[in-house]
Amino acid sequence: MDLRQELMEGRVPVSQMGSVVATGRLHPPFVVVDTEGVEVAAVTECLGDLAASDCSPLTCRSYAFALLRWFRVLWLLGVDWDRATEGEVTVLVGWFRSAANPQRRRRGRGSGEPGSVNLRTGKPTPAAGYAPRTVTTRCRW
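Remember, predicted model here, so these are calculated numbers, not experimental data. (Residues numbered from 1 in each chain as written. Predicted model: local features only at pLDDT ≥ 70, side-chain atom pairs only at ≥ 80, totals over all residues. Heavy atoms only, no water.)

Peer 1: Pulling in residues and values, what's your account of unusual backbone geometry?
Peer 2: The omega torsion of the bond from His-27 to Pro-28 falls at -5°, within 30 degrees of zero and hence cis. With respect to the helices and strands, Pro-28 occurs in the loop between β1 (19-22) and β2 (30-33). Despite not being glycine, Asp-54 shows a phi value in the positive range, around 70°. The topology assignment puts Asp-54 in the loop between α2 (41-52) and α3 (57-77). Given the relative accessible area of 72%, Asp-54 is considered exposed. (Helix = DSSP H or I, 4+ residues; strand = E, 2+ residues; numbered from the N terminus. Buried < 20%, exposed > 50% of the residue type's maximum accessible area, 1.4 Å probe, protein only.)

Peer 1: Can you tell me about the nonpolar core, naming the residues and giving the values?
Peer 2: Ranked by size, the top nonpolar core spans 26 residues in total, and within it Leu-7, Val-32 and Val-43 carry the most contacts. Mapped onto this core, the elements with two or more residues apiece are β2, α2, α3 and α4 (86-98). The residues touching Leu-7, leaving out its near neighbours within four places in the chain, are Val-12, Val-14, Leu-76, Leu-77, Val-91, Trp-95 and Ser-98. (Core = buried A, V, L, I, M, F, W, Y, C linked by side-chain atoms within 4.5 Å. Contact = heavy atoms within 4.5 Å.)

See the structure below:
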């Protein structure tokens, strides 16, 4: 099976290449850097425009993490961002729909398994993966 298919089915983790870094600047307050610590110019430009639109610095940070995830998929596939097609977007969406969400592994004492019902409140415990709303908001650009 090829890498794209394995990514789409959540069997390959998106690697931890690159990071989001605070700049100390207003425009933008956060940037994405690659594995060598070099700013990803396209992301910096996008985040600068976003910051100039008077949004919260935390909104810029959130967008930076979403763009970092996108670039991690592209880096893993060996595709330059300006050459990405609908096919790469499909891989990202497929990965979101099938991969486990690491935040769901954080559980307090007595909490149920992901996807089960909380016996005290009767509410469902979030499933192990990403919520459909997260997929929609993280993949809409």
